[in-house]
Amino acid sequence: MTPKSVVSLENNDEASAAGVEPAVRSVPVPAVGGSVAKRSPERSGPYQELAGALEKFRGQSQLIIMLGTPDPDAISSAMALAFISRQFDIDSTILCFAAVSHHENRALVKRLAVNLVKYSPDFDLSPFACYSIVDSQRGTTPIDSRLSELEVRFLAFVDHHREDPTPPPAMFVDVRPHVACTASIFCEYLHAAFPKGLSPSDPDQVHLATALMHGIRSDTGRFLLATQLEYEASAYLAPCVDMQVIELIERRVLSPSMLDMFENALVNRRIHDNFIFSDVGFVRGADRDAIPQVAELLLAREGTDTVLVFGIVDEKTIDGSLRTRSETINPDEFLKGVLGVSPESGQYYGGGNIRDRGGFQIPLGFFSLHEDKNQVYVMARQVIEKSFLEYIGKTATKPKKPGGAAAA
Ligand SMILES: [Mn+2]
């Protein structure tokens, strides 16, 4: 096989835009399917920089951390980082802090045999030399103090959410707010590491490609929101993707508890012009992810462009979801405006993206001790609905000018 130099990979400008330092020069290019690719020595980019950081931990163990509920983008990004790290003899453990609850995500984990470890206080951190965070806006973890105590180094932080003014203190940081998902950033690394593509004859690589494709499909609304990078990533993955598995994973399944929640939401819905406001009753933590699904279903009603649905989860918190098609509503501004800031933590109860979705969580705190749960429920509903109606200028008692975002 003639060694070929790699001709221009994608997004050279991304690297310079991110202010990435000149990368380490001679990076070992791992072999896939027996083929070794040579790259031109002057090639540098995010992957080369990541490879340089990984090289420092050769032969050691890495913790790959997912914050929040694991979604397909986070799961596949973690798998990709584990796969790339393996080329440097780095053994990875994928750690999450919340259970995988959405049907699609459980199917993904099961079908593709992804090994996710759920954190518990007795989880032993001592075997790990380094940790990385993927697909999260936050650069801090719930176990930061334990990690620093054991001198576990912060290796990589890769994400596509908003860029923080102060980047997380990782050795390698790649944040690209203009791309639709983290999975496609990892595809760019894979493309740099394996220019000839992943191997369709290796089940592990088929699993990885399939997970990444599902991650991209899921974070882009089946490509509606895809950028050039997502299309390039998909072209790269395509020969290795098991579409049958994707079809199986993406098959819509409504669990009995979700049907109950949907029934509650239909019965409880209040329609205010193009808004629907509703609630699903008491919900188990395991069913929390059905709240946004219910909101999406209600959004299908003709004449509706914005839906807000909430439920009381595990009798401890009020969890809610906003979905909108409105041209004028910015979910992030809207939820921050409606619910405001928690006086205890000083943080907003909710937030979202600027386009179509958001969520919130309000602790019931002291009131969760109340014996009459229904009374707590009625109270929660009244308070949320009142703030909501006030914000959109619908309150009968105190008419208010609609705020900028609510002028729908
Ligand atoms: Mn994502």
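What you see is a predicted model, and the numbers here were worked out from it, not measured in a lab.

A. Quick look at the coordination of the manganese ion. On the protein side, the manganese ion has Asp73 (OD), Asp135 (OD), His160 (NE2) and Asp219 (OD) as donor atoms, found 2.2 to 2.3 Å from it. Linear spacing of the donor residues for the manganese ion on their chain is D-x61-D-x24-H-x58-D. Separated by 25 residues along the polypeptide, Asp135 in the loop between strand 4 (130-134) and helix 5 (144-149) and His160 in the loop between strand 5 (153-159) and strand 6 (172-175) bring together distant segments of the chain. The exposure classification of Asp135 matches that of His160, with both residues buried.

B. Structural context of helix 4 (residues 103-111). What helix 4 keeps buried is the set Glu104, Asn105, Ala107, Leu108 and Val109. On the buried face of helix 4, the contacting elements are helix 3 (72-86), strand 3 (116-118), helix 7 (203-219) and helix 9 (243-250). Directly beyond the C-terminal end of helix 4, a positive phi value near 50° is found at Ala113.

C. Layout of the nonpolar core. Formed by 65 residues in total, the largest nonpolar core has its most connected members in Leu116, Tyr189, Leu190, Leu198 and Leu237. The greatest single-element share of this core, amounting to nine residues, is contributed by helix 3. Beyond its immediate sequence surroundings of up to four residues, Leu237 is in contact with Cys187, Leu198, Ala209, Leu212, Met213 and Ile216.

D. Inspection of the pattern of salt bridges at higher detail. Per the counting criterion, the structure on display carries 19 salt bridges. Residues Arg217 and Glu250 are paired through a salt bridge, measuring 2.8 Å at the closest nitrogen-oxygen approach. Of the two residues, Arg217 sits in helix 7 while Glu250 sits in helix 9, which places them 33 residues apart along the sequence. Residue Glu250 is classed as buried on the basis of its relative accessible area of 13%. The salt bridge partner of Glu296 is Arg323, with a shortest N-O separation of 2.8 Å.

E. Inspection of the sheet that holds strand 3 at higher detail. Pairing is parallel across the open sheet formed by six strands, whose spatial order is 3-2-1-4-5-6. The open sheet has two free edges, formed respectively by strand 3 and strand 6, since each of these has just one partner strand. On average, each strand axis in the sheet is inclined to that of its neighbour by 25°, with strand direction left out of account. Strand direction decides the pairing type here: strand 1 (residues 61-66) and strand 2 (residues 91-96), joined by six bridges, are parallel.

F. Structural view of the pairing of strand 5. Burial analysis of strand 5 places six of its seven residues in the buried class, the great majority of the element. Bridge analysis of strand 4 against strand 5 gives five bridges, and the strand direction is parallel. Looking across to strand 5, one finds that Tyr131 is bridged to Phe154. On the question of chirality, the crossover connecting strand 4 to the parallel strand 5 by way of helix 5 is right-handed. When strand 5 meets strand 6, the two strands line up parallel, connected through four bridges. Following the sheet pairing, Val158 is matched in strand 6 by Asp174.

Reading the values: rules and limits
- Residues numbered from 1 in each chain as written.
- Predicted model: local features only at pLDDT ≥ 70, side-chain atom pairs only at ≥ 80, totals over all residues.
- Heavy atoms only, no water.
- Donors = N, O, S within 2.8 Å, 3.2 Å for Na, K, Ca; no water.
- Helix = DSSP H or I, 4+ residues; strand = E, 2+ residues; numbered from the N terminus.
- Buried < 20%, exposed > 50% of the residue type's maximum accessible area, 1.4 Å probe, protein only.
- Contact = heavy atoms within 4.5 Å.
- Core = buried A, V, L, I, M, F, W, Y, C linked by side-chain atoms within 4.5 Å.
- Salt bridge = Lys/Arg side-chain N within 4 Å of Asp/Glu carboxyl O.
- Pairing = 2+ DSSP bridges.
- Axes fitted to C-alpha atoms, helices over the stretch in contact; angles between N-to-C directions.
- Right-handed = clockwise from strand over helix to strand, strands pointing away.

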